[in-house]
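Listed below, chain by chain, are the residues.
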Amino acid sequence: GVAQWVGPVRYRVRGETGYTAFELDGEHYRLGDTVLLKACDEGEDDYVARIESLWEDPSGAKHLEARWYYAPEHTRLGRLRRHHKREVFESTHTDENSLETVQGKCAVLSWHEYRAWASQPVSAAAADEEAERTFVCRGSYNTRTHDIRPLRPAGAEALDEHATAELPLLTDPSAGVDADSNSRFDAATAAAAASAQPPLLGGRCAHNPYADARSCLLLNAPPARLPCRENERDKVLRWMRTAIAEGGTSSPLYISGVPGTGKTATVREVCRLLRAEERRGDLPPFSCAELNGMRLAAPA
């Protein structure tokens, strides 16, 4: 079919026109939807991506910017025993694609959402059909550093004291030292982390609460929320929200403290909250860059 734009124009810049939604083969798509994109090679599974932006160029060609979800076997660390067959990682990799490559919608669920989905009763036929378009995402993958980091709920879920920690940090063994903990993470540690948790439950079945408890008790499992840092988080949140709203013109913010007190974790939690606000349209688009000075071999 032929894709058609739906809804208001988002922007017009140098002959390029931005949109918020489109329709293809009777299906309605909008910014933030997760979709399947046609694979390059015949017989290969469709790719999983999230729609980041939509636009039409001066020639009339329609495009989308896709943020790719990587399967474990497409990361440097590879697939481990703990990975579910439908597991994907949200990556830092984005590029543009034609709207015609969209093959349909899919669902990329957090661990919290996946547990709820898995516990719902459904017929075997319906479960198989839905499972083909359902994925679970518990981590993010940096295509430059090859680090895999846990995803924690954004917005209200991040403040829920009953929310479950999702995934121990897994770093590429060849990277040597983790940026935050400075702890060694070699192949043996990776194997231990892989066997420490059972794989996610496949299909629609009841989840195991004991597996959740064991996951939370791992030494490298991050908390779903950072306790006793509410005041600091709110201060950073207000400052960053104002800076983004003003186009990045706010003055710098300096955060100091001894190691292990939650400085980095607080800022990352704030970034997740602000990213959720951006996706709801409450904030303008923004970029977040993280630079670890301890990893610089020499001053730039």
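Caption draft 1: How the structure looks around the pairing of strand β5 (residues 47-56). For β5, the tally of buried residues reaches seven of ten residues, placing the bulk of the element in the interior. Sheet topology places strand β2 (residues 16-24) next to β5; three bridges connect them, and they run antiparallel. Each residue of the ladder has a partner; that of Tyr 19, found in β5, is Leu 54. In this sheet, β5 lies alongside strand β4 (residues 34-37) in antiparallel orientation, the contact comprising four bridges. Each bridged residue has a counterpart across the sheet, and for Leu 37 the counterpart in β5 is Tyr 47. Examined bridge by bridge, β5 and strand β6 (residues 62-70) share eight bridges and lie antiparallel to one another.

Caption draft 2: Broad picture of the layout of surface pockets. Its volume calculated, the second largest pocket comes out at about 580 Å³. What lines the second largest pocket is a set of 21 residues, and nearest its centre among them are Asp 45, Asp 46, Tyr 47, Val 48 and Phe 135. Looking at the lining of the second largest pocket, the elements that each hand over two or more residues are β5, β6 and β7 (87-98). The class makeup of the residues in the lining of the second largest pocket is nine nonpolar, two polar and ten charged.

The rules behind these values
- Position numbers for residues start from 1 in each chain and track the written sequence from start to end.
- In view of the model being predicted, local features appear only for residues whose pLDDT reaches at least 70, and side-chain atom pairs are presented and counted only at 80 or more, with totals across whole chains, interfaces and linings using the full set of residues.
- Side-chain numbers come from the whole structure's heavy atoms, not from hydrogens or water.
- For every residue, the accessible area obtained with a 1.4 Å probe (protein chains only) is divided by the maximum for its type, and the residue is called buried under 20%, exposed over 50%, and partly exposed between those limits.
- A run of DSSP states H or I qualifies as a helix once it reaches four residues; a run of E qualifies as a strand once it reaches two. Both are numbered from the N-terminal end.
- Only when DSSP finds a minimum of two bridges between them are two strands counted as paired.
- Cavities and pockets are found on a 1 Å grid laid over the protein atoms alone: a cavity is a set of points where a 1.4 Å probe fits but cannot escape, a pocket is an open set with protein on both sides within 12 Å along at least five of seven lines, and a lining residue has an atom within 4 Å of such a point.
- Grid points are joined across faces, edges and corners, and a volume is the space filled by probe spheres set on the points.
- Basically, the charged four are Asp, Glu, Lys and Arg, the nonpolar ten are Ala, Val, Leu, Ile, Met, Phe, Trp, Tyr, Cys and Pro, and anything else, Gly included, counts as polar.

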